[in-house]
Amino acid sequence: MATREDRETGTLARRDDSAPEAIATLEGQPLGPNRGMPLNLDWVRAVRVNTSAVERRAQTLVTRRTVKKDWQAAWLLRAISCMDLTTLSGDDTEERVRRLCAKARRPLRQDLVERLGIAKLNLTVAAVCVYHTFVEAAVRALEGSGIRVAAVSTGFPAGLSPLAERVAEIRRSVEAGAHEIDIVITRAHVFGGNWQALYDEIAAFKQACGAAHMKAILGTGDLLTLRNVGRASVVAMMAGADFIKTSTGKEPTNATLPVGLVMTRAIRNYALETGMAVGFKPAGGIRTAKQSLEWLALIKEELGPSWLRAEMFRFGASGMLGDIERQLEHHATGRYSADFRHPLA
Amino acid sequence: MSIVEKFASMEYGPAPEDSKDARAWLEQHGRRFGHFIASKQHKPAAGEYFDTSDPATGEKLASVAQGSPADVNAAVKAASAALPKWQKIVPHARARYLYALARLVQKHARRLAVLETLDNGKPIRESRDIDIPLVARHFYHHAGWAQLLDQEFPGFAPCGVVGQIIPWNFPLLMLAWKIAPALAAGNTVVLKPAEFTPLTALAFAELCSEAGLPAGVVNIVTGDGSTGEALVKHPGVHNIAFTGSTVVGRAIRKATAESRKKLSLELGGKSPVIVFEDADLDSAVEGLVDGIWFNQGQVCCAGSRLLMQESIAEPLLAKVRARMATLRIGSPLDKAVDIGAIVAPVQLERIQRLVAQGVAEGATCWQPPTTLPAKGLFYPPTLLTGVHPTSIVAQQEIFGPVLAAMSFRTPAEAVELANNSVYGLAASVWSESVNVALHVAAQLKAGVVWVNSTNLFDAACGFGGYRESGYGREGGREGMLEYLEPVWFQKAPALPKTKAAKAAAGKVEKSGAPAIDRTVKLYIGGKQARPDSGYSMEVRDARGMLLGEAPLGNRKDVRNAVEAARKAGSWGKATAHNRSQVLFYIAENFSARAAEIAARLAAVTGKKQAEAEVRLGIERIFSYAAWADKFDGAVHNPPFRNISIAMNEPIGTMGIVCPVEAPLLGFLSLVMPAIACGNTVVAVPSEAYPLIAGDLYQVFDTSDLPGGVVNIVTGHAGELLKTLAEHADVDALWCFGDDALCATAKSLSASNLKQVFTNQGRAIDLFHVEQGEGRWYLEHATQVKNIWVPYGE
């Protein structure tokens, strides 16, 4: 982690100096990493989410904030730095993963890096996200880059294999060198209101992760109601998730701004209540530079600037980088770009 | 700052909207504007101009004509001249014009938005995403009403020339709210925009020309309060529509009292936002942002009073403060700014003064650590806690970004606190329980209630207030009715001046043994009562012979009657079926005594009229028994997922001064619709034959009508009317009499801005069903409450 922070300039490093244990701050309050807490059912049941009001806020939030010119370029670069560059296809191969890792190291064309004057950022994406099979190949390919390797796990994407196997799957990925594990929850526990089972499952996953960071995928497209999303978020955080993540990318709908709003508000409430910070990862369906800016604005508004870092926020995306590259070229040259001008992932 | 530094800071940076086009438009006019009269630029007769400026920078934007009475006169003349042709063209043609205006607003949307932001100081996001799209929507919607006018409003005609005065907080939107329905209904218009913000109205005038609107249909006269006053007082104006402060609304009510001008007032508010413990608190906080930090809080329906259930008060306030800290204040032209400039120095001073007074009275003031722009008129978002109902900041409209927070213990107390206001414009209720939300919504004295939302507007939904927030509705069917009148009403001749009855010597002769003297008393709270004065008034027949004596009621009797009527308020909560049953039963019992009542009445009215009054009277009671459970509200269709319920609610306690000429039928024609709709009534029967009271209350007593629903005070109409009109606990006043009586009713009603319904001094033929009963009366006996219920899971 330290190496990444060293690369980033400005306020973030200073904040960490003043509160060494804090991984984020909210409303001036330093926050530690999430150690989890006993399941508090009263809290879970007290979660209220008004769908219409949340949708309205999500709709207007993106019209209330915009960034232009150099600020926009900076924000797009920030989006790149928070990306989990992902490949999760049945036709993945080691070579495909190595190609992705090469792109992860050099997400922007060198001439653009120079024109934008950002060489000293040593810009890379935050992580590469793959199936367990490709963890070792990715770790090798990213050696020395500081880029983390994330493995999707626990019977991804359905999460319905036997619990023991799912736990063993995590252990194997961690042993293979994964720094981060993206687990999926059993959606049935949410539908049944079986919060204890959900909590126990996620806590078991967390234990299996050991030092690896755990991102809990809620499968929000399956959960359907925002209230379910809100409650599942709280349970996942109580069970010790380091991140909560919207989707596998395989559900009928993926990351939407209303879902993001419910999850970030859950994170905020949890942080203020417990003093512990949980990260957030929207995944799936985020394809454009404009969307990336909308998400960053949502995070800045709801959680504050402290969350606008790879330690606390990730995009799960594969296609978004291409559009950002085109936008940045436009910013640098004043001319609109084309996708074939940018190296493939 | 380099991109690397921006990458580190992740600030938003400036995002200015280009104002070049709007400024070019100002330049094109040499930054000097005349009035828009008969489709022409009209130089002010007195040659006077005033400046309008950008409140965010102080920059002068343009010189605008100061309207003199001569200018107003020219505009009204142009509007009058245009009227016959405009009314004669088919509704479809008017629909086309309104459609053209809607399209033109859309085509020039961005210029209008920028101009609005320059002139008013509101953030460009709001003018771009809220004001201007709603303007277009309003013209589209009313193009539809214009098209359907004949089918949907048969028997109605436009009022004529409408004078409209609008405020500075939503300049073009308020113009649309006023002009679109007026034109759709076939009126022509003279509109005066607010002095601080005349520019978009002048830009709109050009769109009228571009749309080919006939000359004189829309006229814009700019100026200050004196211009508005000239418009209000102009005898050529038939209808006045005003949006603005309660103080000015009151003055307009008085100024128009002696005329027959129809009047609608959309005034101030101190609207509550009620948050229950089972609400989605994070969403409720956004509701407050939309409620009080929208348009710098310069919104008549701003959610300026936060009422929080005690159990969640502290966590909610913590969330509110955190959210306030993320509000961005700055140049209104910046696309990422939430709070722009206050419209004028006088308004900024008012906000500062009221907040200081609130703090002096014990409130705690919290403002986020935001730096205000060095230049321009800005005020930070402000939260006042420790506020009590006694505090000025809980009572008076501040019209600024200032939220006053109080707590409550139970839903009942929430309603009590919410209704503890002279205003009644809007309210917002936050709860995840549909039972709690709708139960509370039904009890709130407010014309608009937003459930789990705030400040939603749409052309299809009526907007307007209860109590001193004014009367009349804008939007939807109810809004159209403000600009229409029944054709028969317009044609009705003036009522002759009421003459005092001539006294003649002697008493009506009776044959045989002397009759037992009939005692008629006042009827208050379901009991017969002697008059406070201890005096009686003589009642004489057509020849002037003494028929008997009726109690001479005075102001104390009125006071007692109003108190009794207020106590009987549960009548309004009774089921409509229950009220219907009681009315049918009244008719039944009345029918049983029809012959004797007719016989007594005949002495005053003649046999023929007496029999007709009784026969039609029974029918009339039947009609309103029938209507009681059929005067339904509506479900409107605003363009998003939501149920918007328009409920016809009783107004409350009503004073009714009955017409002289038909003592029985007149009483029944006015009192029956009032109680059918759930109001309670203090009625003053015809001075010509107040003895009818005795017959009526005996029927009421035997018909299960709860005590206090109808109270009867006999006496001199002129005196009793005065007490009723000035009484703050009377919510509406109906007065049918000659011009002078109607003028008194209207003028004195201004004290609490109660709704007034009069015959405008006209002779109404109550024996004619079209004139004597039906929806027109029911509409005046109710006020529409629009409850917005967005839904979704």
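Look above for the structure.
Residues numbered from 1 in each chain as written. Chains lettered and ligands numbered in written order. Predicted model: local features only at pLDDT ≥ 70, side-chain atom pairs only at ≥ 80, totals over all residues. Heavy atoms only, no water.

Chemist: Got a sec to walk through the interface of chain B and chain A? Specific residues and values, please.
Modeler: Each partner contributes to the interface: chain B provides 42 residues, whereas chain A provides 48 residues. Taken together, the two surfaces of chain B and chain A that pack against each other cover about 4,100 Å², and 52% of this comes from carbon and sulfur. On the chain B side of the interface with chain A, the three residues burying the most area are B:Phe7, B:Met10 and B:Tyr12, jointly 22% of the side's total. When the shortest N-O distance is used, the salt bridge between B:Glu286 and A:Arg57 registers 3.2 Å. For the interface between chain B and chain A, the tally reads 21 residue pairs in polar contact (both at pLDDT 80 or more). Elements with a minimum of two residues in the side of chain B that touches chain A: helix H1 (3-9), helix H6 (124-152), helix H11 (281-292) and helix H12 (313-325) of chain B. Split into classes, the residues belonging to the side of chain B that touches chain A amount to 18 nonpolar, six polar and 18 charged. (Contact = heavy atoms within 4.5 Å. Buried area = accessible area lost by both parts, 1.4 Å probe. Salt bridge = Lys/Arg side-chain N within 4 Å of Asp/Glu carboxyl O. Polar contact = N/O pair within 3.5 Å; in protein donor to acceptor, adjacent residues only side chain to side chain. Helix = DSSP H or I, 4+ residues; strand = E, 2+ residues; numbered from the N terminus. Nonpolar A, V, L, I, M, F, W, Y, C, P; charged D, E, K, R; others polar.)

Chemist: Go over unusual backbone geometry with me, naming the residues and quoting the values.
Modeler: Following A:Phe156, the chain continues to A:Pro157 via a peptide bond in cis, the omega torsion being 0 degrees. With respect to the secondary-structure elements, A:Pro157 resides in the loop between strand E5 (148-152) and helix H9 (163-175). Positive phi values are uncommon outside glycine, yet B:Arg31 reaches one of about 55 degrees. In this fold, B:Arg31 is placed in the loop between helix H2 (20-28) and strand E1 (32-33). Overall, the relative accessible area of 19% leaves B:Arg31 in the buried class. (Buried < 20%, exposed > 50% of the residue type's maximum accessible area, 1.4 Å probe, protein only.)

Chemist: Requested: an account of the packing of helix H23 (residues 663-676) of chain B against helix H24 (residues 692-701) of chain B, with residues and values cited.
Modeler: Residue and element names in this part refer to chain B. Put simply, H23 and H24 touch, their axes get as near as 10 Å, and they point 45 degrees apart. Taken together, the axes of H23 and H24 are oblique relative to one another. In this structure, H23 meets H24 at a crossing whose hand is right-handed. On the side of H23, the interface is formed by Pro663, Leu664, Phe667, Leu668 and Met672, while H24 contributes Ile692, Leu696 and Phe700. In the contact of H23 with H24, the residues fall into eight nonpolar, no polar and no charged. (Axes fitted to C-alpha atoms, helices over the stretch in contact; angles between N-to-C directions. Parallel < 35°, antiparallel > 145°, perpendicular 65-115°, else oblique. Left-handed = near helix turned anticlockwise from the far one by under 90°.)

Chemist: Could you give me a rundown of the pairing of strand E10 (residues 239-243) of chain B, with the residues and numbers involved?
Modeler: All names here are of chain B. A large share of E10 lies buried, amounting to five of its five residues. Residue alternation in E10 divides its side chains into two sets, Asn239, Ala241 and Thr243 and Ile240 and Phe242, and both sets are buried. In this structure, strand E7 (residues 161-165) lies alongside E10, joined through four bridges in parallel fashion. Within the sheet, the bridge partner assigned to isoleucine 165 lies in E10 and is phenylalanine 242. Of the strand pairs in this sheet, E10 and strand E11 (residues 262-266) are connected by five bridges, and their pairing is parallel. Directly across from isoleucine 240, in E11, lies its bridge partner leucine 263. Handedness of the β-α-β unit built from E10, helix H10 (residues 246-255) and E11 comes out right-handed. (Pairing = 2+ DSSP bridges. Right-handed = clockwise from strand over helix to strand, strands pointing away.)

Chemist: Could you give an account of a nonpolar patch on the surface, naming the residues involved and the relevant values?
Modeler: A cluster of nonpolar side chains, namely B:Val635, B:Ile643 and B:Tyr791, defines an oily patch on the protein surface of about 280 Å² accessible area. Tracing the backbone shows B:Val635 in strand E27 (residues 634-636). (Patch = residues over 30% accessible without salt bridge, like charges linked within 9 Å, V, L, I, M, F, W, Y side chains within 5 Å. Areas by Shrake-Rupley, 256 points an atom, 1.4 Å probe, with all protein chains shown as cover.)

Chemist: Which residues make up the nonpolar core, and what values go with them?
Modeler: One recurring pattern in soluble globular proteins is that nonpolar side chains are buried together. All names here are of chain B. In terms of nonpolar packing, the biggest core is built from 117 residues, with Phe139, Leu183, Val275, Trp293 and Leu306 touching the most fellow members. If one sorts the elements of this core by residue count, helix H7 (residues 171-184) sits on top with eleven residues. If near-sequence neighbours (up to four positions away) are discounted, leucine 306 is found in contact with Val273, Val275, Leu288, Leu316, Leu317, Leu403, Ala404, Ala405 and Met406. (Core = buried A, V, L, I, M, F, W, Y, C linked by side-chain atoms within 4.5 Å.)

Chemist: Please set out the pattern of salt bridges residue by residue, giving values where relevant.
Modeler: Inspection of the entire model under this criterion finds 65 salt bridges over all chains. The residue A:Lys290 makes a salt bridge to A:Glu294 at a minimum N-O spacing of 3.1 Å. On the criterion of helical spacing, the pair formed by A:Lys290 and A:Glu294 is a turn pair, its members being four residues apart in helix H15 (residues 289-303). Close ionic contact of B:Glu773 with B:Arg620 constitutes a salt bridge, the shortest N to O distance being 3.0 Å. Placement of the pair is B:Glu773 in the loop between helix H27 (769-772) and helix H28 (775-780) and B:Arg620 in helix H22 (residues 607-628), with a sequence separation of 153 residues. For the pair B:Glu773 and B:Arg620, one class covers both residues: buried. A single network of salt bridges, built from pairs that share partners, joins A:Arg57, A:Arg265, A:Arg268, A:Glu302, B:Asp282, B:Glu286, B:Lys319 and B:Arg323.

Chemist: Describe H9(A), with residues and values.
Modeler: All names here are of chain A. For H9, with 13 residues, the first-to-last C-alpha span of 19 Å sits near the 18 Å given by 1.5 Å per residue. Every buried residue belonging to H9 is among Arg166, Val167, Glu169, Ile170 and Ser173, and all of these are buried. In an axial view of H9, the angular spread of the buried residues amounts to 150 degrees, which keeps them on one side of the axis. Residues of H9 that are exposed and point more than 90 degrees away from the buried face comprise Ala164, Glu165 and Glu175. Turning to H9, the residues buried within the fold contact helix H8 (135-141), E5, strand E6 (180-184) and helix H11 (195-209). Looking at the residues trailing H9, positive phi occurs at glycine 177, about 110 degrees. (Expected span 1.5 Å × (residues − 1). Arc of directions from axis to C-beta.)

Chemist: Can you break down the sheet that holds E1(B) residue by residue, with the values?
Modeler: Residues and elements named next belong to chain B. Overall, mixed pairing links the three strands, which are arranged E1-E5-E4 in an open sheet. Two strands bound the open sheet, and with one partner strand each, they are E1 and strand E4 (49-53). Strand direction decides the pairing type here: E4 and strand E5 (residues 60-65), joined by five bridges, are antiparallel. Across the sheet, phenylalanine 50 pairs through a bridge with valine 64, a residue of E5. Contacts from helix H8 (residues 199-210) reach E1, E4 and E5, with the element oriented near 65 degrees to E5.

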